[in-house]
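Structural overview
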Amino acid sequence: MAAVATCGTGVGKTGSMVMAGSKNNVTGFQRRGPRASGSDSSYSRLVSIAGTRPSVRNGQLLVSTGLPALDQLLGGGLAVGTVLLIEEDKYNIYSSLLFKYFLAEGIVNGHTLLVASAKEDPADILQELPAPLLDDNGKKDFDEDVCNHKTSESNIKMKIAWRYQLLPKMEQAGPVSSSRFGHYYDVSKKMPQELIEASKVHGFFFPEKSSSTPNIEPCSLTHGYIKLLQFIQNIIYEEGFDGSNPQKKQKNILRIGIQNLGSPLWGDDICCTENCDNSHSLTKFLYVLRGLLRTSLSACVITMPTHLIQNKAIIARVTNLSDTVVGLESFIGSERETNPLYKDYHGLIHIRQIPRLNNLIYDVSDVKDLAFKLKRKLFTIERLHLPPDLSDTVSRSSKQDLAEPSKLLGPGCGAMAGGKKHLDF
Amino acid sequence: GKLTLLCDANTDGSFLVHHFLSFYLKANCKVCFVALIQSFSHYNIVGQKLGVSLTAARECGQLVFLEGLKSSVDVFFRTQAEPHPLQFLRSANAENLQPLYEFVREALKPADDGEAAWRCPVLLVDDLSVLLSLGMGAVAVLDFIHYCRATVCWEWKGNIVALVHDSGDTEDEENNILLNGLSHQSHLILQAEGLATGFCRDVHGQLRILWRTPSQPTAQRDRSLTYQYKIQDKSVSFFAKGMSPAVL
């Protein structure tokens, strides 16, 4: 687990990683904890990694999920070392969009990506990523860099503030100079090819890799999960995300995206039958994956078709084994699509679980009934508010419909501290 | 020797685990903590807020910490020479949790030279429901607790504290078997549950405390108390039902 320390308390597998925001020493609260086993030399080195920031609550290192609205609901972002589980909506439209946002954010920030899918080739997924919306300065620099491959020299002489010309130029972190934490994406445009090629992506396409036998004795994990775990562990170890390669100068984050985990395409049959043979396969996979993540600088987003899982107990176990769980429910195809109450929104979003990391308490938003709306350049998540009730006929049908969402909202807020499902007022 | 069962339904009961950990460490007991859910640094940082330092305790031998997440990676990817407590992760049909029991036994064994550096031994498990998710049957977990109780509670007069998630209305039969079995064996049950009326900012949940005497089932009636609580940054404040300062 990565934590920002004001006096160098280090965490991690080999204990050799300390990361912090750039302005570490002037944060408002100074945590004066004892120095924990100060034998590792890299405690004094405070490294700041592109695209991350420390959480204001507990100093946890956060990365953006690609969706600034979701970042806000999760307490600032996704903590490094944790798993975000997205429960897919019925037709896997919005969950794959969130998945793409996550990957696109990784490319924009220069993080390394690991994309695993059993359905589509990762190269195809990358081609479909949305284009980032850069502010004008960023775009101009980006174009210049691409055309000229210049790094810093600019020939424009400053006429008024000429003293500033003497200041050293800041170096660019990558082809995109925007260093904001979360970015906005334009869904109608595709990510420029140069950005994709400039980033480092490891792809895992299960049908390609399924032929070779795993060199691990058969445990109750399905074949696909074993291969995926080995692949992830390989990448983490070889590229030094777990601190095993201390010579690496520039620390980076590994973003892992796993699509449709638990679907039959991975060889798992929990979506097919209720009493399946290897019902522990998915939960074991999640446990070992979390172990890998906690000991490395990586963050993972998994989309899972939980609406297909027959055995509800497995869903509960999977939720307990993940750190952050977000459920999406789109209105497409349901009777709510034509319901005038929901006409402004495309679906509901349920924050089912938020982890308490390094803390007894956690950030929880007051608003439990959240709905999302996808516009071309913006994916907004806002409090579900009903449109004004203007006509007589609408009111009678809307009362019945209100009973339905309150049943939904019950378990929604029940994730935090909840009780019975439906209360009549 | 007492077995305390912590159970949470619809909410997160981990604050109880942190409390017991800091409580026993401050009481100078030798603690074996089987932490399967979170990493060592998480408990360490929360422990510092509650006033104990886990690293110091680990270094001087008061605390034996089994970090499940980190060890699971080791067990899974590298073949181990000697039996590892989490060996069941590698095997297809793990029969029992014997290696884990041996680990606990080794950790809490009283020193041979007779001098007692610490007070009673304590086993703390966070949490047992994860063992069900990892492929062990409910009976295997109950056997493990039974063995631990025989050794730690009866032989060495120590205590055991274990956390189990209550699945509530999801029909997790294995979990229910485990929970019922443990409830019958335990002396003290602390049940943290969410409020029946839903989410509230100021009252995070309700804690039910139940004292039992499992050896004499028909003797006196079990005492029970209910408090509501709010978790704060460094402590948890309890108050009687309906007496939350936010409401009054």
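Everything quoted here is computed from the prediction, not taken from an experiment.

Residues and elements named next belong to chain A. The tally for this structure, following the rule as stated, stands at 10 salt bridges over all chains. For K189, the salt bridge goes to D186, with nearest N and O atoms at 3.3 Å. Between R290 and D323 there is a salt bridge whose closest N-O contact spans 3.2 Å. One end of the pair, R290, is in helix α8 (residues 281-294); the other, D323, is in the loop between α9 (312-321) and β11 (324-330), with 33 residues separating them in the sequence. Residue class for R290 comes out buried when judged on its relative accessible area of 2%. Looking at D323, the relative accessible area reads 2%, which means it is buried.

Next up on the list: the side chain of S296 of chain A. All names here are of chain A. Of note, S296 is situated in the loop between α8 and β10 (298-304). Polar contacts involving the side chain of S296 include one to the main-chain carbonyl oxygen of L292, which spans 3.0 Å. The contacts of S296, once residues within four sequence positions are left out, are V80, G81, I236, F241 and D242.

Closest axis-to-axis distance for the α8 of chain A/helix α4 (residues 68-77) of chain B pair is 8 Å, and the angle between their directions is 110°. The pairing of α8 of chain A with α4 of chain B is recorded here as roughly perpendicular in orientation. Two secondary-structure elements touch here, α8 of chain A through Y287, V288, R290, G291, L292 and R294 of chain A and α4 of chain B through G68, L69, S72, V73, F76 and F77 of chain B. Within the contact of α8 of chain A with α4 of chain B, the residues separate by chemical class into seven nonpolar, three polar and two charged.

Moving on, we get to the environment of I145 of chain B. For I145 of chain B, the position within the fold is in helix α7 (residues 138-155). Along the sequence, I145 of chain B and D127 of chain B sit 18 residues apart, while their C-alpha atoms lie 12 Å from each other.

Attention shifts here to the sheet that holds strand β7 (residues 205-211) of chain B. Residue and element names in this part refer to chain B. The strand order across the open sheet formed by nine strands is β3-β2-β4-β5-β1-β6-β7-β8-β9, and the pairing between neighbours is mixed. Edge positions in the sheet fall to β3 (63-67) and β9 (236-239), since each has one partner strand and no second. Neighbour-to-neighbour, the strand axes of this sheet turn through a mean angle of 20°, independent of strand direction. As paired elements, strand β1 (residues 3-9) and strand β6 (residues 188-193) share six bridges and run parallel to each other. Residue pairing in the sheet places L6 in a bridge with L190 of β6. Contacting β1, β2 (29-35), β3, β4 (119-126), β5 (159-166), β6, β7, β8 (223-231) and β9, helix α1 (residues 14-26) runs over the sheet at an angle of about 155° to β2. Across the face of the sheet, helix α5 (residues 98-108) comes into contact with β2, β3 and β4 while running at roughly 155° to β2.

This next bit is on the packing of α8 of chain A against α9 of chain A. All names here are of chain A. Two elements in contact, α8 and α9, have axes whose closest approach is 10 Å; the angle formed by their N-to-C orientations is 0°. In terms of their interaxial angle, α8 and α9 are classed as roughly parallel. Counting all contacts with α8, which are made through L282, T283, L286, Y287 and R290, the residues of α9 involved are R317, V318 and L321. Residue composition of the contact of α8 with α9, by class: five nonpolar, one polar and two charged.

It is worth spelling out the sheet that holds strand β1 (residues 52-54) of chain A at this point. Two orientations exist for strands paired in a sheet by backbone hydrogen bonds: parallel and antiparallel. Residues and elements named next belong to chain A. Pairing is antiparallel in the open sheet, where three strands are placed in the order β1-β2-β3. Each edge of the sheet is formed by a strand with only one pairing partner; in this case those strands are β1 and β3 (78-79). Sheet topology note: the strand β2 (residues 61-63)/β3 ladder contains two bridges and is antiparallel. Along β3, the bridge assignment pairs L62 with A79.

Residue and element names in this part refer to chain A. Per-residue confidence for chain A gives a mean pLDDT of 71; residues scoring 70 or more make up 65%. Between residues 169-178, whose pLDDT stays under 50, and residues either more than four places distant or in other chains, the model counts 18 contacts. When the criterion is pLDDT under 50, residues 394-400 qualifies, and its contacts beyond four places in sequence or with other chains add up to four contacts.

The tendency in soluble globular proteins is for nonpolar side chains to be buried as a group. I258, L261 and W266 of chain A together with F33 and L128 of chain B are the most contacted members of the largest nonpolar core, which totals 123 residues. Counting residues per element, this core draws most heavily on α7 of chain B, at nine residues. Excluding its chain neighbours within four sequence positions, the residues that come into contact with F33 of chain B are V17, L21, Y43, L63, V64, F65, L66, L124 and D126 of chain B. Core analysis: the next-biggest nonpolar cluster, separate from the first, contains 45 residues, L61, V115, M191 and L297 of chain A among them.

Another point: the confidence of the model for chain B. Looking at chain B, pLDDT values average 83 and 91% of them are 70 or higher. Taken over the whole predicted complex, pTM reads 0.78, whereas the ipTM for its chain interfaces reads 0.89.

Only a minority of non-glycine residues have a phi that is not negative, and only a minority of peptide bonds are not trans. All names here are of chain B. Following D126, the chain continues to D127 via a peptide bond in cis, the omega torsion being -15°. Residue position: D127 is located in the loop between β4 and α6 (128-133). At N28, a residue that is not glycine, the phi angle is positive and equals roughly 65°. By secondary structure assignment, the location of N28 is in the loop between α1 and β2. The exposure class of N28 is partly exposed, given its relative accessible area of 36%.

Calculation notes
- Residues numbered from 1 in each chain as written.
- Chains lettered and ligands numbered in written order.
- Predicted model: local features only at pLDDT ≥ 70, side-chain atom pairs only at ≥ 80, totals over all residues.
- Heavy atoms only, no water.
- Salt bridge = Lys/Arg side-chain N within 4 Å of Asp/Glu carboxyl O.
- Helix = DSSP H or I, 4+ residues; strand = E, 2+ residues; numbered from the N terminus.
- Buried < 20%, exposed > 50% of the residue type's maximum accessible area, 1.4 Å probe, protein only.
- Polar contact = N/O pair within 3.5 Å; in protein donor to acceptor, adjacent residues only side chain to side chain.
- Contact = heavy atoms within 4.5 Å.
- Axes fitted to C-alpha atoms, helices over the stretch in contact; angles between N-to-C directions.
- Parallel < 35°, antiparallel > 145°, perpendicular 65-115°, else oblique.
- Nonpolar A, V, L, I, M, F, W, Y, C, P; charged D, E, K, R; others polar.
- Pairing = 2+ DSSP bridges.
- pLDDT = per-residue confidence, 0-100.
- Core = buried A, V, L, I, M, F, W, Y, C linked by side-chain atoms within 4.5 Å.

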